[in-house]
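Summary of structural features
What follows is the residue order along each chain.
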Amino acid sequence: MIVSISCVVLLGVVVFIFFRKDGLKASHALVAMLFGFYLASTAIAPSIKAGGESLAGLLGGFKF
């Protein structure tokens with residue numbers, strides 16, 4: 001668990017630096033995908049999923 005938390009933090013920092021420095025290129029997108037996979041295996045994943053579902057429900061409720 002400690003290794004996956006440190007991987008999540010490290011990949012998160014790398015994704016942030018790539019995005020701020022050069023924009024998101026194909027190689028940077030690969031790092032972002034790895035970050036997502038590691039993040040999905042942590043204890044915070046259910047909270048992120050619930051937040052995403054809540055946001056989708058909120059946006060789905062708008063009538064244009």
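Analysis parameters
Residue indices begin from 1 for each chain and proceed along its sequence in written order. Per-residue local features are limited, in this predicted model, to residues with pLDDT of at least 70; the limit for side-chain atom pairs, both in listing and counting, is 80 or more; totals at the level of whole chains, interfaces and linings are taken over all residues. Each side-chain value is derived from all of the structure's non-hydrogen atoms; neither hydrogens nor water enter the calculation. Helical segments are the DSSP runs of H or I of at least four residues, strand segments are the runs of E of at least two, and each set is numbered from the N terminus. Here the accessible surface of atoms and residues is derived via Shrake-Rupley with a 1.4 Å probe, and residues count as covered only by protein chains that are part of the display. UniProt positions are given in the numbering used here, feature names are shortened, and annotations may be inferred rather than shown by experiment. Relative accessibility thresholds used throughout: buried, under 20% of the residue-type maximum; exposed, over 50%; partly exposed, between the two (1.4 Å probe, protein chains only). Two residues qualify as a contact provided that any one of their heavy atoms is within 4.5 Å of a heavy atom in the partner residue. The predictor reports its confidence for every residue as pLDDT, a score running from 0 up to 100. Every patch collects residues that have over 30% relative accessible area and no salt bridge, joining them within 9 Å if they carry like charges and within 5 Å if they are nonpolar side chains (Val, Leu, Ile, Met, Phe, Trp, Tyr). We define a salt bridge as a contact between a side-chain nitrogen of Lys or Arg and a carboxyl oxygen of Asp or Glu at a distance within 4 Å.

Attention now goes to the overall build of the chain. A tally of regular secondary structure across the chain gives three helices and zero strands. Element order for the chain, N to C, with α for helix and β for strand: α-α-α. For the chain, the computed accessible surface area is about 5,100 Å², with 75% contributed by carbon and sulfur atoms.

Now for the UniProt feature "transmembrane region" (unreviewed entry) in the chain. Here, UniProt's "transmembrane region" (unreviewed entry) annotation points to residues 26-45. Along residues 26-45 the backbone is 80% helical and 0% strand, and the end-to-end C-alpha distance reaches 25 Å.

Right, let's get into the environment of Ala45. The topology assignment puts Ala45 in helix α3 (residues 45-60). A relative accessible area of 18% places Ala45 in the buried class. Contacts of Ala45, omitting those with residues within four sequence positions, involve Leu39 and Ala40.

The subject of this paragraph is the confidence of the model for the chain. Here the chain averages 75 in pLDDT, and 89% of its residues register 70 or above. The secondary-structure element of the chain with the lowest mean pLDDT is helix α1 (residues 2-22), recorded at 74, while α3 shows the highest, at 80.

By the element assignment, Phe37 lies in helix α2 (residues 26-40). When its relative accessible area of 61% is taken as the criterion, Phe37 is described as exposed.

In this section: a nonpolar patch on the surface. Where nonpolar side chains cluster on the molecular surface, the patch consists of Leu30, Met33, Leu34, Phe37 and Tyr38 and spans about 530 Å² of accessible area. Structurally, Leu30 can be placed in helix α2.

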